[in-house]
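Given next are the chains, with one letter for each unit.
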Amino acid sequence: MLTQLTVKNFKCFTNLRMGFARLTLLTGLNGAGKSTSIQPLLLLAQASRQGANPAKLPLNGSLTRLGSAGDIAPTKGQPEFLIEAGNDKIGWRLSAVAGERSLAISNASAPGPFTQAAEWQDTVWPPGLGQAHDPARTYSVRSSLAKLIYIGATRASQQEVYPYPDVDADIQGDVGSSGEYAPYWYDRMVDEYVDPKEANPATLRKRLDDLLSSLFAGAQANVTAIPQSSSFALRFRIGESNEWRRPANVGFGLSYSFPILVSLLTSRPGQTLIIDSPEAHLHPSAQSTMGRILANLAAQGIQVIVETHSDHLLNGVRLAVKNKALSHKDVSIHFFGGVEGAQHGVTSPTMDREGNINEWPSGFFDQNERDLAQLTGWS
C-alpha cells in the first residue's frame, strides 16, 4: 500500500508531504491543488504502463495529460517526487525544460536536498523509472504504481457500445480513466466469485447488482458481447419486470457508478484505485451509500484514494467507521484550503472510532451551516 507522497517544485506546490491510508479522502476548495497532488502518481503509473524511456517521464498518456514542461514547473527549482510504500522509498529527481512534453529523470548519483534529509536516507534514487539496484529488496513502490487504476470525473456514460482495451488487459480491474472498459471487465469476470474468502461468496453479477440496488432500488446491469465489432453493449433496468435499457435512457447516476463498482469488485487486494468524484450524479442518500461502499471494500484490502466535494460521502465513511466496517486508523482525510501558508494550506483532520472528526477548518464541509445561519438570521 502506498503510504506517503512528497512533492517538490511541481505546479502549485514547492514542498508538500501527504500520507495515505486504506481509504484516503482529498477534499477542499476548487483550484487548491487536490488534482495536482495525485498527478505525480498518475505520471509515474502511466510511464510504467507505456514502457517509457527510463530517462524520460512523459507528461501525456492514458491517465493524465499535462501538456508541456512549462505548464507544470514553477519558476524556481526542479520537480522532485518521493513515494513510500511501507519501508520502501523511491525518489525521482526531474528536470523540466520549457517546450518539452516530458520530464528528464536526472542521474541517481547527483546530490540533492532530499538525500540530505535524515528521514530520506533509505531512499532509492533510480536513474530511470524505479529500476531495482538491489535484487534482495522488495520494491513495493514500483509494484503499486504498476497496478494503479485511475477513474476520472468524466466518464463514458452514454455510449451505444463500449470497446475492448487497446492492449492486453494485464492490470486487473482497470476500467480506463473514463470507465470505458468497465463492460469488458464485467463480461470477462461476470460469473467468477469476487469474494471467495467470504462465508457466502458471490459472483460478480450478484455482488454488482446488490451494490447497484443499494444505490438505486432494484437496479441491475447486463453486458452483451458484440464479436463482429469487438465491442460490448451495456444495459440497465430498474426491477426484474422492467425492460433492459441503454445507459442514455436510465440517467447518469447508474452509468457513472457502474465503472467504479466494477473496478472495486474486480481489482485484487493490494491494488490502488484513485477515483475522482465518485458521488457525481448521485442523490445525497446514494452519495452516503457510496461512502459506505468505498469503506467496506477498502477494508477488504483495496487501497482507495478519492477526490470528493461531498459531505454526504464523507458521512457515509464516518458511518462505516462507527459501525466497525473499517477502522478509523485506516482513514486519512486531507483538506485543501488554498495554496498559501504551512503545508500549502493542506490540513489533515483525523477521525476517531465513533466517526467523529477532530477539527473542521473553515471551508471543510461547513457550507450548509453557513447558509442555514443566514436563513435563520444567526449571522
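For the structure itself, look to the data block above.
Here the structure is a predicted model, which is why all the values come from computation and not from measurement.

Procedures and definitions
- For every chain, the first residue of its written sequence is number 1, and the numbers climb from 1 along that sequence.
- In keeping with the model being predicted, local features are shown solely for residues with a pLDDT of at least 70 and side-chain atom pairs are shown and tallied solely at 80 or more, while totals for entire chains, interfaces and linings include all residues.
- Side-chain metrics in this entry use all non-hydrogen atoms of the structure; hydrogen atoms and water are not considered.
- Any two strands are treated as partners once DSSP identifies two or more bridges connecting them.
- Elements are defined by DSSP. Helices are runs of H or I of four residues or more, strands are runs of E of two residues or more, and each kind is numbered from the N terminus.
- Contact between two residues is taken to exist if any of their heavy atoms lie within 4.5 Å; hydrogens are not considered.
- Interaxial angle, 0 to 180 degrees, is taken between N-to-C directions of lines fitted to C-alpha atoms, where a helix line uses only the stretch in contact.
- Centres within 6.5 Å are what make two rings of Phe, Tyr or Trp a pair, Trp counting through its six-membered ring; a difference in plane orientation under 30 degrees is then read as stacked, over 60 as edge-to-face, and the rest as tilted.
- The buried label applies to any residue whose accessible area, calculated with a 1.4 Å probe on protein chains only, is under 20% of its type's maximum; exposed applies above 50%, and partly exposed to all values in between.

Engineer: Got a minute to help me understand the sheet that holds strand 13 (residues 303-307) in this structure?
Structural biologist: In spatial order, the strands read 8-12-13-3-14-15; together these six strands make up an open sheet with mixed pairing. Pairing within the sheet leaves two strands with one partner each, and these edge strands are strand 8 (149-151) and strand 15 (346-347). Examined bridge by bridge, strand 3 (residues 23-28) and strand 13 share four bridges and lie parallel to one another. Looking at strand 13, one finds that Thr24 is bridged to Ile305. Sheet strands in contact with helix 7 (residues 252-266) are strand 8, strand 12 (272-276) and strand 13, and its direction is about 165° off that of strand 8.

Engineer: Please clarify how the packing of aromatic side chains should be interpreted in this entry.
Structural biologist: Each pair of aromatic rings is reported with the distance of its centres and the angle of its planes. Counted by the stated rule, this structure contains eleven aromatic pairs. Arranged with centres 5.9 Å apart and planes meeting at 50°, the rings of Tyr186 and Phe258 form a pair that is tilted. Pair noted here: Tyr186 is in helix 5 (residues 182-189) and Phe258 is in helix 7, with a separation of 72 residues, a long-range link. Judged by its relative accessible area of 1%, Phe258 falls in the buried class. Following the ring pairs from residue to residue traces out a cluster consisting of Tyr164, Tyr184, Trp185 and Phe232.

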